[in-house]
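# Structural features, examined
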Amino acid sequence: MTGKILNYYAGGNTARGFYNLFTSNLSGLDRLFILKGGPGTGKSTLMKAVGEKWNNEGYDIEYIHCASDNGSIDGVIIRELGIGIVDGTSPHVIEPKAPGAIEEYVNLGEAWDSKKLLNKKAEILKITDSISADYQKAYATFHDALLIHDEWEEIYIMNMNYEKANEITDELMHQFFSKKVNKAANVYHRFLGAATPKGAVDFVPNLTEGLEKRFFIKGRPGSGKSTLLKKLAANAEASGYDVEIYHCGFDPNSLDMVIVRELGFAIFDSTAPHEYFPEREGDSIIDMYEKTIKKGTDEKFFDNLKEISGRYSKKMKDAIGYLADAKSKHDDLEKIYIAAMNFSKIDKIHKKIDQEIEKLTAAQQQK
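Residues numbered from 1 in each chain as written. Predicted model: local features only at pLDDT ≥ 70, side-chain atom pairs only at ≥ 80, totals over all residues. Heavy atoms only, no water.

## Some words on the packing of helix H5 (residues 162-176) against helix H7 (residues 225-238)
- The contact between H5 and H7 brings their axes to 10 Å, and the two run at 30 degrees. When the axes of H5 and H7 are compared, the pair comes out roughly parallel. Handedness of the crossing formed by H5 with H7: right-handed. Across from Asn166, Ile168, Thr169, Leu172, Met173 and Phe176 in H5, the residues of H7 making contact are Leu228, Lys231, Leu232 and Asn235.
- Here the residues of the contact of H5 with H7 are counted per class, giving six nonpolar, three polar and one charged. (Axes fitted to C-alpha atoms, helices over the stretch in contact; angles between N-to-C directions. Helix = DSSP H or I, 4+ residues; strand = E, 2+ residues; numbered from the N terminus. Parallel < 35°, antiparallel > 145°, perpendicular 65-115°, else oblique. Left-handed = near helix turned anticlockwise from the far one by under 90°. Contact = heavy atoms within 4.5 Å. Nonpolar A, V, L, I, M, F, W, Y, C, P; charged D, E, K, R; others polar.)

## Details of the packing of helix H2 (residues 43-56) against helix H11 (residues 343-366)
- At a minimum axis separation of 11 Å, H2 and H11 run at an interaxial angle of 35 degrees. Here the hand of the crossing between H2 and H11 comes out right-handed. Mapping the contact onto sequence places Leu46, Ala49, Val50, Lys53 and Trp54 in H2 and Ile349, His350, Ile353, Asp354, Ile357, Glu358 and Thr361 in H11.

## Observations regarding the pattern of salt bridges
- Evaluated as defined, the whole model comprises 26 salt bridges.
- Put simply, lysine 327 and aspartate 69 hold a salt bridge, and the shortest N to O gap is 4.0 Å. Of this pair, lysine 327 sits in helix H10 (residues 302-339) while aspartate 69 sits in the loop between strand S5 (61-65) and strand S6 (73-78), placing them 258 residues apart in sequence. With respect to burial, lysine 327 and aspartate 69 carry one shared label: buried.
- Among the ionic pairs, glutamate 262 bridges to lysine 183, the shortest N-O distance being 3.4 Å. Here lysine 183 lies in the loop between H5 and strand S9 (187-191) and glutamate 262 lies in the loop between strand S14 (255-260) and strand S15 (265-269), a separation of 79 residues in the sequence.
- Taken together, the shared-partner salt bridges connect Glu62, Arg79, Arg190, Glu244 and Arg261 into one network. (Salt bridge = Lys/Arg side-chain N within 4 Å of Asp/Glu carboxyl O. Buried < 20%, exposed > 50% of the residue type's maximum accessible area, 1.4 Å probe, protein only.)

## Points about the nonpolar core
- Formed by 58 residues in total, the largest nonpolar core has its most connected members in Phe142, Phe177, Phe250 and Ile267.
- Examining the composition of this core, we find that 13 residues originate from one element, helix H4 (residues 121-157), more than from any other.
- Each residue touching phenylalanine 250, except ones within four places of it in the same chain, is listed here: Thr14, Ala15, Phe142, Ala145, Leu146, His149, Tyr312 and Met316.
- In this structure, Tyr9, Ala67, Phe203 and Leu207 belong to the second largest nonpolar core, which totals 28 residues. (Core = buried A, V, L, I, M, F, W, Y, C linked by side-chain atoms within 4.5 Å.)

## Re the domain arrangement of the chain
- Split into domains, the chain comes out as domain 1 (5-111 + 342-365) and domain 2 (160-293).
- Here the C-alpha centre of domain 2 lies 28 Å away from the C-alpha centre of domain 1.
- Taken together, both faces of the contact between domain 1 and domain 2 bury some 2000 Å²; the carbon and sulfur share is 57%.
- At the junction of domain 1 with domain 2, the criterion picks out two salt bridges.
- Residue glutamate 62 is joined to arginine 190 by a salt bridge in which the shortest nitrogen-to-oxygen separation is 3.5 Å.
- Of all elements in the fold, only strand S1 (5-9), strand S2 (11-14), helix H1 (22-26) and S5 reach the threshold of two or more residues within the side of domain 1 that touches domain 2.
- Sorting elements by how many residues they give to the side of domain 1 that touches domain 2 places S1 first, with five residues.
- Among the residues making up the side of domain 1 that touches domain 2, the classes are represented as nine nonpolar, 10 polar and four charged. (Domains from an automatic or database assignment. Buried area = accessible area lost by both parts, 1.4 Å probe.)

## Quick notes on H7
- Along its 14 residues, H7 runs 20 Å from first to last C-alpha, staying within 8% of the 20 Å computed at 1.5 Å per residue.
- Along H7, the positions that sit buried rather than exposed are Lys225, Ser226, Leu228, Leu229, Leu232, Ala233 and Ala236. For H7, the buried positions fall inside an angular range of 155 degrees around the axis, keeping them on one side.
- Residues of H7 that are buried in the fold lie against H5, strand S12 (213-218), strand S13 (243-247), S14, S15 and helix H8 (288-292).
- Within two residues after H7, glycine 240 carries a phi angle of roughly 90 degrees, on the positive side. (Expected span 1.5 Å × (residues − 1). Arc of directions from axis to C-beta.)

## What about the pairing of S14?
- With six of six residues buried, S14 is to be regarded as a mostly interior element.
- The pairing of S13 with S14 spans four bridges and is classified as antiparallel. Bridging from a neighbouring strand, isoleucine 245 pairs with valine 258 of S14.
- Pairing analysis gives four bridges linking S14 to S15, with the strands arranged antiparallel. Pairing of methionine 257 across the sheet is with phenylalanine 268, part of S15.
- The hairpin formed by S14 and S15 contains four residues between the paired strands, and glycine 264 there has a positive phi angle of roughly 70 degrees. (Pairing = 2+ DSSP bridges.)

## So, the environment of tyrosine 63
- Summarising the element assignment, tyrosine 63 is placed in strand S5.
- Tyrosine 63 sits in the buried class, given a relative accessible area of 12%.
- As a C-alpha pair, tyrosine 63 and lysine 48 span 15 residues in sequence and 8.2 Å in three-dimensional space.
- Leave out the neighbours within four places in its chain, and tyrosine 63 touches Ile5, Leu6, Asn7, Tyr8, Met47, Lys48, Gly51, Glu52, Ile73, Gly75 and Val76.
- Within the structure, the side chain of tyrosine 63 is placed 3.3 Å from the backbone nitrogen of glutamate 52, a separation counted as a polar contact. (Polar contact = N/O pair within 3.5 Å; in protein donor to acceptor, adjacent residues only side chain to side chain.)

Take a look at the structure:
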(Lines give C-alpha, C1' and ligand atoms only; values in the text may rest on other atoms or scores of the structure.)
Protein backbone atom coordinates (compact mmCIF):
# COMPACT_ATOMS: atom_id res chain seq x y z
CA MET A 1 0.00 0.00 0.00
CA THR A 2 1.42 3.35 -1.02
CA GLY A 3 1.59 6.31 1.34
CA LYS A 4 0.07 9.73 0.85
CA ILE A 5 1.73 12.48 -1.16
CA LEU A 6 1.73 16.16 -0.18
CA ASN A 7 2.69 18.74 -2.81
CA TYR A 8 3.70 22.32 -2.08
CA TYR A 9 6.27 25.03 -2.76
CA ALA A 10 8.89 26.31 -0.33
CA GLY A 11 10.36 28.91 -2.68
CA GLY A 12 8.62 31.37 -4.94
CA ASN A 13 9.09 34.00 -7.64
CA THR A 14 7.32 36.88 -5.95
CA ALA A 15 6.85 40.64 -5.96
CA ARG A 16 9.56 40.69 -3.29
CA GLY A 17 12.06 38.68 -5.32
CA PHE A 18 12.82 35.01 -4.81
CA TYR A 19 11.34 34.13 -1.42
CA ASN A 20 12.68 31.19 0.59
CA LEU A 21 10.50 29.27 3.08
CA PHE A 22 12.60 26.09 3.31
CA THR A 23 13.73 26.45 6.93
CA SER A 24 10.57 25.48 8.82
CA ASN A 25 9.90 22.53 6.50
CA LEU A 26 13.36 21.10 7.09
CA SER A 27 13.32 21.64 10.85
CA GLY A 28 13.21 18.53 13.00
CA LEU A 29 14.77 16.25 10.40
CA ASP A 30 17.44 13.83 11.63
CA ARG A 31 19.18 13.59 8.27
CA LEU A 32 19.25 16.02 5.38
CA PHE A 33 21.08 15.43 2.11
CA ILE A 34 21.90 18.69 0.34
CA LEU A 35 22.52 18.21 -3.37
CA LYS A 36 25.06 20.39 -5.13
CA GLY A 37 25.58 20.54 -8.87
CA GLY A 38 24.69 22.52 -11.97
CA PRO A 39 21.53 22.39 -14.07
CA GLY A 40 20.89 19.07 -15.77
CA THR A 41 22.94 17.06 -13.26
CA GLY A 42 19.98 14.92 -12.21
CA LYS A 43 19.05 16.45 -8.84
CA SER A 44 15.30 16.47 -9.43
CA THR A 45 15.30 13.03 -11.04
CA LEU A 46 17.20 11.56 -8.10
CA MET A 47 14.82 13.09 -5.54
CA LYS A 48 11.74 11.93 -7.44
CA ALA A 49 13.11 8.38 -7.59
CA VAL A 50 13.77 8.34 -3.84
CA GLY A 51 10.29 9.70 -3.14
CA GLU A 52 8.62 7.14 -5.40
CA LYS A 53 10.51 4.23 -3.83
CA TRP A 54 9.63 5.11 -0.24
CA ASN A 55 6.06 6.10 -1.15
CA ASN A 56 5.64 2.61 -2.61
CA GLU A 57 6.98 1.25 0.69
CA GLY A 58 3.99 2.87 2.37
CA TYR A 59 5.55 6.09 3.67
CA ASP A 60 3.95 9.52 3.27
CA ILE A 61 6.03 11.77 1.02
CA GLU A 62 6.28 15.54 0.76
CA TYR A 63 7.38 16.90 -2.61
CA ILE A 64 8.69 20.47 -2.61
CA HIS A 65 8.08 21.69 -6.14
CA CYS A 66 10.21 24.08 -8.17
CA ALA A 67 8.54 27.40 -9.02
CA SER A 68 10.92 28.00 -11.92
CA ASP A 69 10.48 24.63 -13.64
CA ASN A 70 7.05 23.00 -13.70
CA GLY A 71 8.52 19.54 -14.19
CA SER A 72 11.10 19.64 -11.40
CA ILE A 73 11.15 19.41 -7.63
CA ASP A 74 13.40 21.20 -5.13
CA GLY A 75 13.11 18.65 -2.37
CA VAL A 76 11.60 15.46 -1.00
CA ILE A 77 10.84 14.76 2.65
CA ILE A 78 10.03 11.46 4.35
CA ARG A 79 8.93 13.05 7.61
CA GLU A 80 8.09 9.79 9.37
CA LEU A 81 11.72 8.75 8.94
CA GLY A 82 13.09 12.22 9.67
CA ILE A 83 14.86 12.27 6.31
CA GLY A 84 14.98 14.87 3.55
CA ILE A 85 16.82 15.60 0.32
CA VAL A 86 16.96 19.11 -1.12
CA ASP A 87 18.49 21.01 -4.00
CA GLY A 88 21.02 23.22 -2.24
CA THR A 89 22.01 25.33 -5.24
CA SER A 90 21.12 28.98 -5.80
CA PRO A 91 18.65 30.56 -5.24
CA HIS A 92 17.51 28.19 -2.46
CA VAL A 93 20.77 27.92 -0.54
CA ILE A 94 20.29 25.81 2.59
CA GLU A 95 22.21 26.83 5.71
CA PRO A 96 23.24 23.70 7.69
CA LYS A 97 22.76 23.62 11.47
CA ALA A 98 24.95 20.58 12.23
CA PRO A 99 27.05 19.71 9.13
CA GLY A 100 27.98 16.06 9.12
CA ALA A 101 25.72 15.22 12.04
CA ILE A 102 22.45 16.17 10.33
CA GLU A 103 23.26 17.70 6.96
CA GLU A 104 25.45 16.04 4.38
CA TYR A 105 26.52 17.68 1.15
CA VAL A 106 26.27 15.50 -1.95
CA ASN A 107 28.31 16.77 -4.90
CA LEU A 108 26.77 15.71 -8.19
CA GLY A 109 29.52 17.71 -9.89
CA GLU A 110 31.74 14.65 -9.42
CA ALA A 111 29.94 13.17 -12.42
CA TRP A 112 30.66 15.85 -14.98
CA ASP A 113 33.55 16.23 -17.42
CA SER A 114 35.11 19.57 -16.46
CA LYS A 115 37.02 19.78 -19.74
CA LYS A 116 33.80 19.71 -21.76
CA LEU A 117 32.32 22.43 -19.56
CA LEU A 118 35.49 24.51 -19.78
CA ASN A 119 35.15 24.52 -23.56
CA LYS A 120 31.64 25.94 -23.12
CA LYS A 121 32.64 28.49 -20.47
CA ALA A 122 31.80 31.62 -22.48
CA GLU A 123 28.42 30.23 -23.54
CA ILE A 124 27.58 29.12 -19.98
CA LEU A 125 28.39 32.57 -18.58
CA LYS A 126 26.40 34.32 -21.30
CA ILE A 127 23.30 32.18 -20.73
CA THR A 128 23.60 32.43 -16.94
CA ASP A 129 23.79 36.23 -17.08
CA SER A 130 20.80 36.36 -19.41
CA ILE A 131 18.75 34.11 -17.09
CA SER A 132 19.62 36.32 -14.13
CA ALA A 133 18.49 39.40 -16.08
CA ASP A 134 15.17 37.72 -16.93
CA TYR A 135 14.50 36.96 -13.27
CA GLN A 136 15.28 40.53 -12.27
CA LYS A 137 12.84 41.79 -14.90
CA ALA A 138 10.20 39.34 -13.64
CA TYR A 139 10.65 40.42 -10.01
CA ALA A 140 10.55 44.11 -10.94
CA THR A 141 7.39 43.57 -12.97
CA PHE A 142 5.74 41.58 -10.17
CA HIS A 143 6.59 44.47 -7.85
CA ASP A 144 4.94 46.92 -10.26
CA ALA A 145 1.89 44.64 -10.21
CA LEU A 146 1.91 44.71 -6.40
CA LEU A 147 1.79 48.51 -6.40
CA ILE A 148 -1.22 48.34 -8.73
CA HIS A 149 -2.76 45.72 -6.45
CA ASP A 150 -2.36 48.17 -3.56
CA GLU A 151 -4.51 50.66 -5.53
CA TRP A 152 -7.10 47.91 -5.97
CA GLU A 153 -7.09 47.11 -2.25
CA GLU A 154 -7.42 50.76 -1.23
CA ILE A 155 -10.87 51.06 -2.76
CA TYR A 156 -12.20 48.20 -0.64
CA ILE A 157 -10.26 49.18 2.48
CA MET A 158 -11.98 52.60 2.40
CA ASN A 159 -15.36 50.86 2.25
CA MET A 160 -14.76 48.13 4.82
CA ASN A 161 -16.52 47.46 8.12
CA TYR A 162 -13.62 46.46 10.38
CA GLU A 163 -15.89 45.75 13.33
CA LYS A 164 -17.74 43.12 11.31
CA ALA A 165 -14.45 41.62 10.09
CA ASN A 166 -13.28 41.29 13.69
CA GLU A 167 -16.57 39.63 14.65
CA ILE A 168 -16.12 37.02 11.90
CA THR A 169 -12.57 36.33 13.05
CA ASP A 170 -13.58 36.01 16.71
CA GLU A 171 -16.38 33.60 15.83
CA LEU A 172 -14.01 31.39 13.84
CA MET A 173 -11.35 31.42 16.57
CA HIS A 174 -13.95 30.33 19.12
CA GLN A 175 -15.21 27.63 16.74
CA PHE A 176 -11.74 26.24 16.01
CA PHE A 177 -9.78 26.76 19.21
CA SER A 178 -12.22 26.48 22.10
CA LYS A 179 -9.88 23.80 23.48
CA LYS A 180 -6.13 24.11 23.89
CA VAL A 181 -3.57 21.31 23.89
CA ASN A 182 -0.58 21.18 26.20
CA LYS A 183 2.29 20.94 23.75
CA ALA A 184 4.51 23.11 21.60
CA ALA A 185 3.10 23.57 18.11
CA ASN A 186 5.00 22.62 14.96
CA VAL A 187 4.66 25.46 12.47
CA TYR A 188 5.37 25.01 8.76
CA HIS A 189 5.56 27.99 6.38
CA ARG A 190 4.87 27.13 2.74
CA PHE A 191 3.31 28.26 -0.52
CA LEU A 192 0.19 26.49 -1.81
CA GLY A 193 1.02 27.70 -5.31
CA ALA A 194 3.43 29.76 -7.34
CA ALA A 195 3.96 31.95 -10.36
CA THR A 196 5.68 29.60 -12.79
CA PRO A 197 6.83 29.75 -16.43
CA LYS A 198 3.46 28.21 -17.32
CA GLY A 199 1.46 30.66 -15.22
CA ALA A 200 -0.15 30.31 -11.82
CA VAL A 201 -0.15 26.78 -10.38
CA ASP A 202 -1.60 25.60 -7.07
CA PHE A 203 -2.00 22.40 -5.06
CA VAL A 204 -5.15 23.26 -3.09
CA PRO A 205 -7.03 20.02 -3.97
CA ASN A 206 -4.08 17.87 -2.92
CA LEU A 207 -3.32 19.83 0.25
CA THR A 208 -6.94 19.78 1.44
CA GLU A 209 -7.69 16.18 0.46
CA GLY A 210 -9.11 14.13 3.32
CA LEU A 211 -9.85 17.10 5.57
CA GLU A 212 -13.27 17.04 7.19
CA LYS A 213 -13.96 20.74 6.74
CA ARG A 214 -12.86 23.30 4.16
CA PHE A 215 -13.72 26.99 4.43
CA PHE A 216 -13.61 28.94 1.16
CA ILE A 217 -12.99 32.64 1.81
CA LYS A 218 -14.46 34.81 -0.94
CA GLY A 219 -13.90 38.52 -1.27
CA ARG A 220 -11.99 41.29 -3.01
CA PRO A 221 -8.46 42.61 -2.58
CA GLY A 222 -8.33 44.42 0.74
CA SER A 223 -11.44 42.76 2.21
CA GLY A 224 -9.54 41.27 5.15
CA LYS A 225 -8.88 37.71 3.97
CA SER A 226 -5.15 37.64 4.80
CA THR A 227 -5.62 39.44 8.13
CA LEU A 228 -8.21 36.85 9.16
CA LEU A 229 -5.83 34.01 8.23
CA LYS A 230 -2.92 35.58 10.13
CA LYS A 231 -4.99 35.81 13.30
CA LEU A 232 -6.17 32.21 12.95
CA ALA A 233 -2.62 30.97 12.35
CA ALA A 234 -1.34 32.78 15.44
CA ASN A 235 -4.20 31.42 17.52
CA ALA A 236 -3.61 27.86 16.31
CA GLU A 237 0.03 28.04 17.34
CA ALA A 238 -0.80 29.64 20.70
CA SER A 239 -3.35 26.87 21.32
CA GLY A 240 -0.71 24.18 20.78
CA TYR A 241 -1.89 22.87 17.41
CA ASP A 242 0.49 22.03 14.59
CA VAL A 243 -0.25 24.49 11.80
CA GLU A 244 0.61 24.76 8.12
CA ILE A 245 0.75 28.41 7.08
CA TYR A 246 0.57 28.99 3.33
CA HIS A 247 1.87 32.34 2.17
CA CYS A 248 0.72 34.15 -0.94
CA GLY A 249 2.89 33.23 -3.93
CA PHE A 250 2.57 36.79 -5.23
CA ASP A 251 3.10 38.70 -1.98
CA PRO A 252 4.61 36.46 0.74
CA ASN A 253 3.72 39.04 3.40
CA SER A 254 0.11 37.95 2.91
CA LEU A 255 -1.42 34.54 3.64
CA ASP A 256 -3.53 32.33 1.39
CA MET A 257 -4.35 29.34 3.59
CA VAL A 258 -4.13 27.84 7.07
CA ILE A 259 -4.40 24.09 7.70
CA VAL A 260 -4.73 22.46 11.12
CA ARG A 261 -4.79 18.73 10.42
CA GLU A 262 -5.26 17.81 14.07
CA LEU A 263 -8.62 19.57 13.91
CA GLY A 264 -9.36 18.42 10.36
CA PHE A 265 -9.82 21.78 8.66
CA ALA A 266 -8.42 24.11 6.03
CA ILE A 267 -9.42 27.72 5.53
CA PHE A 268 -8.18 29.50 2.43
CA ASP A 269 -8.46 32.47 0.13
CA SER A 270 -10.56 30.97 -2.65
CA THR A 271 -10.22 33.77 -5.20
CA ALA A 272 -8.25 33.93 -8.46
CA PRO A 273 -5.74 32.60 -9.30
CA HIS A 274 -6.65 29.76 -6.87
CA GLU A 275 -10.43 29.97 -7.04
CA TYR A 276 -12.43 26.94 -5.96
CA PHE A 277 -16.02 26.28 -4.95
CA PRO A 278 -17.65 23.87 -2.48
CA GLU A 279 -18.05 20.40 -3.96
CA ARG A 280 -18.32 18.01 -1.02
CA GLU A 281 -19.86 17.67 2.40
CA GLY A 282 -18.06 19.84 4.95
CA ASP A 283 -17.31 22.64 2.46
CA SER A 284 -18.60 26.13 3.21
CA ILE A 285 -18.13 29.72 2.00
CA ILE A 286 -17.14 32.77 4.05
CA ASP A 287 -17.99 35.78 1.88
CA MET A 288 -15.95 38.73 3.15
CA TYR A 289 -17.27 41.06 0.43
CA GLU A 290 -20.88 40.43 1.34
CA LYS A 291 -20.26 40.64 5.10
CA THR A 292 -17.70 43.43 5.43
CA ILE A 293 -17.77 45.71 2.35
CA LYS A 294 -20.25 48.57 1.92
CA LYS A 295 -23.07 47.56 -0.41
CA GLY A 296 -22.70 48.84 -3.96
CA THR A 297 -18.92 49.31 -3.82
CA ASP A 298 -18.31 47.24 -6.97
CA GLU A 299 -20.92 49.20 -8.87
CA LYS A 300 -19.81 52.62 -7.61
CA PHE A 301 -16.17 52.10 -8.60
CA PHE A 302 -16.81 49.88 -11.63
CA ASP A 303 -14.82 51.90 -14.18
CA ASN A 304 -11.91 52.50 -11.84
CA LEU A 305 -11.76 48.83 -10.81
CA LYS A 306 -11.87 47.70 -14.43
CA GLU A 307 -8.96 49.97 -15.35
CA ILE A 308 -6.89 48.83 -12.36
CA SER A 309 -7.65 45.17 -13.06
CA GLY A 310 -6.53 45.59 -16.67
CA ARG A 311 -3.20 47.16 -15.68
CA TYR A 312 -2.63 44.49 -13.05
CA SER A 313 -3.35 41.61 -15.47
CA LYS A 314 -0.99 43.11 -18.05
CA LYS A 315 1.89 43.32 -15.54
CA MET A 316 1.29 39.76 -14.31
CA LYS A 317 1.27 38.45 -17.88
CA ASP A 318 4.51 40.29 -18.65
CA ALA A 319 6.19 38.91 -15.52
CA ILE A 320 5.18 35.34 -16.37
CA GLY A 321 6.64 35.94 -19.83
CA TYR A 322 10.02 36.78 -18.29
CA LEU A 323 9.87 33.57 -16.23
CA ALA A 324 9.14 31.63 -19.41
CA ASP A 325 12.12 33.28 -21.11
CA ALA A 326 14.36 32.30 -18.19
CA LYS A 327 13.08 28.72 -18.33
CA SER A 328 13.79 28.45 -22.05
CA LYS A 329 17.38 29.62 -21.51
CA HIS A 330 17.74 27.33 -18.51
CA ASP A 331 16.78 24.43 -20.79
CA ASP A 332 19.65 25.44 -23.10
CA LEU A 333 22.01 25.50 -20.12
CA GLU A 334 20.85 22.06 -19.02
CA LYS A 335 21.67 20.63 -22.45
CA ILE A 336 25.27 21.77 -22.07
CA TYR A 337 25.62 20.09 -18.68
CA ILE A 338 23.77 16.91 -19.70
CA ALA A 339 26.24 16.47 -22.58
CA ALA A 340 29.09 16.64 -20.06
CA MET A 341 27.57 14.24 -17.49
CA ASN A 342 28.44 10.64 -16.71
CA PHE A 343 25.08 9.49 -15.39
CA SER A 344 26.43 6.11 -14.32
CA LYS A 345 28.22 8.04 -11.55
CA ILE A 346 24.93 9.70 -10.62
CA ASP A 347 23.37 6.25 -10.36
CA LYS A 348 26.09 5.28 -7.87
CA ILE A 349 25.46 8.43 -5.82
CA HIS A 350 21.74 7.65 -5.86
CA LYS A 351 22.42 4.09 -4.71
CA LYS A 352 24.64 5.35 -1.89
CA ILE A 353 21.91 7.70 -0.64
CA ASP A 354 19.36 4.88 -0.86
CA GLN A 355 21.58 2.60 1.18
CA GLU A 356 22.05 5.23 3.86
CA ILE A 357 18.30 5.84 4.07
CA GLU A 358 17.77 2.09 4.43
CA LYS A 359 20.32 1.94 7.26
CA LEU A 360 18.70 4.89 9.02
CA THR A 361 15.28 3.25 8.60
CA ALA A 362 16.49 -0.07 9.98
CA ALA A 363 18.10 1.65 12.97
CA GLN A 364 14.90 3.59 13.65
CA GLN A 365 12.77 0.45 13.49
CA GLN A 366 14.99 -1.26 16.06
CA LYS A 367 14.42 1.50 18.62
